[in-house]
Amino acid sequence: MNSRPAAVVNWAAAVVAASVIFLVSPWTMPVDAAVGVNWGTITYHRLPPKTVARLLADNGIKRVKLFDVDAYTMDTLAGTGIEVMVAVNNLLLGPMNDYAVAEAWVKANVTSYLARPSSKVNIKYVAVGNEPFLKDYKDRFTNVTFPALKNIQKALDAAGVGDEVKATIPINADIYYSPSYNPVPSAGKWRDDVAGLMSDIVKFYNQTGAPFTVNIYPFFSLYDDPNFPSDFAFFDGKAEPVVDGNLTYTNVFDANYDTLFSALASEDCAGVPIVVGEVGWPTDGDVHANISIAERFYSGLTQKLAKKSGTPRRPKSDIEVYFFGLFDEEAKSVLPGPFERSWGIFTPDGKPKFPVDLSGAGVVGKEAVAAVGVDYLPAQFCVFNTEAEQGKNKSRVTEVMNYACSHGADCMPLADGASCSGLDSETQVSYAFNSYFQAVGQGAGACDFEGMGLVTTKNYSAGSCRFGIGFKPYNPSAVTATAPATTPAPATVDLPPSERKGAHDHASSDAGGMKGKILSGLVAAVVAARVLLA
């Protein structure tokens, strides 16, 4: 994921589901109880590799799932012994239909790292694409993904590493479902438009020993359906149970997982291992996304995994799970929702947001270990200067704020229901100014904003809304450009053509003051996001 317009099985109806009788299939899972994390790097600032490697070690993290292969992440993981899932980007699925291309990719991105004598990267999986069968892609990758999968696995086998490294496709949970007339896990089946393709893929897994990798997000059950029974998204047994024959479900994770198992069993592929490639909870950007709710979710999930309780259909089994994600990614597109930048267990500078045991032991209340050696910028902030003459022009304030929000500032905490939505209008402007100021490294002129910005040592954090201080990036050249001017011309903000329409559609007709206009800047920020996710 990286970006995940997720669709999940709707279990609201299943709360009153009818009983279905089924046979339990035998099952063996060749995995241990260790949990893993997804490490996305769509950020303006990266921590040094040694800092991240120590954070992983200090928190007992034994597995890491990546969304690409680059020198930064691979150098971080080299020599650590951590099991790694590397990835083929969706845009490369077509080229991978040529076996020679797949063979070259495996040589450059898998075997070269496995062959290092003293700095081996312990690659276990190759993720072939990321959720390529999402309906939103309109079949863009439907016909090229399976051939790419076969070629990657063939290349791994030819390189002599096929027994230790398996190719798998991370797939969104909307690929299977239970029909409305029988909304229970035992009725799980493939989505009709790709049923034949999924049958071929899982039979291929059955031959190669590769796992079925699925992304499960209970958060989206609440986000997408106001009628969803909220307690069913968690693991503390407060929900009204779903009864399926002689089995009882108390959470949507188990129900979703067993729906997939039923679909696999229908293909005589019940022995295919299941890896949960992504599961997590955001901490900002929505009324259902905050730190306390995320802590409730992770506390329940980590205890469940540590107990190896499995699911109702597969009790007492280990489940291989990768939490999403390691860090917040403040440069991500927010088209899926304002919460998209807030999935991290850690902030971008490596501070844990809530207690969580990432070692797999499931210790309740265990504090995660923060990154050490982070090189912070000076403890100063950029805020709205209420005395500035230009600050009396509300429409101009809105334009300048919109510019900040679309050129580096992360203004998503200002969205309705998010952590900073309760700020008054002037403090919302200050939040945007400071977010921009920190994102561009507190550079000279970065707090000008036509004279409306003011550098101060006063921290305007309030409640759950935090005014952050930036840190020096490991690789400054990774930032797309130097700090843009903070005084944009009234109607000529220089954006690529693909971004121009959204950036200029933010005018507000709100006559009730500045707040509505300020939030309209979020539209510009969404459309002007500079990282394109495949």
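Preceding this section is the structure that the text describes.
Residues numbered from 1 in each chain as written. Predicted model: local features only at pLDDT ≥ 70, side-chain atom pairs only at ≥ 80, totals over all residues. Heavy atoms only, no water.

1. Quick word on the overall build of the chain
Along the backbone of the chain there are twelve helices and 15 strands. Of all 534 residues assigned to the chain, the portion counted as buried reaches 58%. Restricting to contacts in the chain with at least 6 residues of sequence separation, those with at least 24 account for 73%. Approximately 20,800 Å² of the chain is accessible, and the part contributed by carbon and sulfur atoms is 52%. (Helix = DSSP H or I, 4+ residues; strand = E, 2+ residues; numbered from the N terminus. Buried < 20%, exposed > 50% of the residue type's maximum accessible area, 1.4 Å probe, protein only. Contact = heavy atoms within 4.5 Å. Areas by Shrake-Rupley, 256 points an atom, 1.4 Å probe, with all protein chains shown as cover.)

2. Quick look at the packing of aromatic side chains
Evaluated as defined, the whole model comprises 37 aromatic pairs. Where Phe 219 meets Tyr 223, the ring centres are 5.7 Å apart and the plane angle is 25 degrees; that geometry is what we call stacked. Linking Phe 219 with Tyr 223, this pair stays in helix α6 (residues 218-224), spanning four residues, or about one helical turn. Judged by centre distance (5.8 Å) and plane angle (80 degrees), the rings of Phe 297 and Tyr 298 are edge-to-face. (Phe/Tyr/Trp six-rings, centres within 6.5 Å; stacked < 30°, edge-to-face > 60°.)

3. Describing the state of the cysteines
For the structure on display, the rule yields three disulfides. With a sulfur-sulfur separation of 1.9 Å, Cys 382 is cross-linked through a disulfide to Cys 447. Between Cys 382 and Cys 447, the S-S dihedral sits near 90 degrees, and the bridge is therefore right-handed. Of this pair, Cys 382 sits in strand β14 (residues 381-384) while Cys 447 is found in the loop between α10 (425-439) and β15 (453-456), placing the two residues 65 residues apart along the sequence. The residue that forms a disulfide with Cys 420 is Cys 465, at a sulfur-sulfur distance of 2.0 Å. On the sign convention where negative is left-handed, the bridge of Cys 420 and Cys 465, at about 95 degrees about the S-S bond, is right-handed. You can see Cys 420 sitting in the loop between α9 (394-405) and α10 and its partner Cys 465 sitting in the loop between β15 and α11 (497-503), a full 45 residues away along the chain. Numbered in order of appearance, the disulfide-bonded cysteines of the chain are paired 1-5, 2-3, 4-6. (Disulfide = S-S within 2.5 Å.)

4. Quick notes on the pattern of salt bridges
With the rule as written, the count across this model stands at 23 salt bridges. For the salt bridge of Glu 399 with Arg 396, the shortest nitrogen-to-oxygen distance reads 2.3 Å. A residue pair is termed a helical-turn pair when its members lie 3 or 4 positions apart in one helix, as Glu 399 and Arg 396 do in helix α9 at three residues. It is possible to trace a salt-bridge network through shared partners that takes in Arg 63, Glu 83, Lys 124 and Glu 320. (Salt bridge = Lys/Arg side-chain N within 4 Å of Asp/Glu carboxyl O.)

5. Section: the packing of helix α4 (residues 145-158) against helix α5 (residues 195-208)
Here α4 crosses α5 at 10 degrees, and the two axes come no closer than 11 Å. The orientation of α4 relative to α5 falls into the category roughly parallel. Two secondary-structure elements touch here, α4 through Phe 146, Leu 149, Lys 150 and Gln 153 and α5 through Leu 197, Asp 200, Ile 201, Phe 204, Tyr 205 and Thr 208. Here the residues of the contact of α4 with α5 are counted per class, giving six nonpolar, two polar and two charged. (Axes fitted to C-alpha atoms, helices over the stretch in contact; angles between N-to-C directions. Parallel < 35°, antiparallel > 145°, perpendicular 65-115°, else oblique. Nonpolar A, V, L, I, M, F, W, Y, C, P; charged D, E, K, R; others polar.)

6. Focus: helix α3 (residues 99-114)
Three- or four-residue spacings in an α-helix give side chains the same orientation, since the helix completes a turn every 3.6 residues. Spanning 16 residues, α3 covers 21 Å between terminal C-alpha atoms, matching the ideal 22 Å at 1.5 Å per step. When the local axis directions of α3 are compared, the greatest deviation, roughly 40 degrees, occurs at Lys 107. Looking at the buried side of α3, the elements it contacts are α2 (71-77), β3 (83-88), β4 (122-128) and α4. The backbone nitrogen of Ala 100 has a side-chain oxygen 3.0 Å away, supplied by the residue at the start of α3, namely Asp 98. (Expected span 1.5 Å × (residues − 1). Bend = angle between axes of the 7 residues up to and from the residue. Polar contact = N/O pair within 3.5 Å; in protein donor to acceptor, adjacent residues only side chain to side chain.)

7. Focus on the sheet that holds strand β12 (residues 274-279)
Pairing within the open sheet is parallel, and its nine strands lie in the order β5-β4-β3-β2-β1-β13-β12-β9-β6. Looking along the sheet, the strands with just one partner apiece sit at the ends: β5 (166-168) and β6 (170-172). Taken pair by pair, the neighbouring strands of this sheet meet at an average axis angle of 25 degrees, ignoring direction. One ladder, built from six bridges, connects β3 with β4; its direction is parallel. (Pairing = 2+ DSSP bridges.)

8. As for helix α1 (residues 49-58)
Of the positions making up α1, those classed as buried are Pro 49, Thr 51, Val 52, Ala 53, Leu 55 and Leu 56. Packing partners of the buried residues in α1 comprise β1 (36-39), β2 (63-66) and α2. Once α1 ends, the next one or two residues include Gly 60, with phi positive near 70 degrees.

9. A closer look at the nonpolar core
With 113 residues, the main nonpolar core has Ile 152, Phe 212 and Phe 323 as its most contacted residues. With nine residues, the single largest contributor to this core is helix α7 (residues 252-265). What Ile 152 contacts, discounting residues up to four positions off in sequence, is Val 88, Met 96, Ala 102, Trp 105, Val 106, Val 126, Val 128 and Ala 167. Phe 381, Phe 384, Phe 433 and Phe 437 belong to the second-largest nonpolar core, a separate cluster that totals 26 residues. (Core = buried A, V, L, I, M, F, W, Y, C linked by side-chain atoms within 4.5 Å.)

10. Points about unusual backbone geometry
In this structure, the amide linkage connecting Phe 324 to the following residue, Gly 325, adopts the cis form with an omega of 0 degrees. Following the sequence through the fold, Gly 325 ends up in the loop between β13 (320-323) and β14. The phi torsion at Phe 449 lies on the positive side, around 50 degrees, for a residue other than glycine. Locating Phe 449 in the fold gives a position in the loop between α10 and β15.

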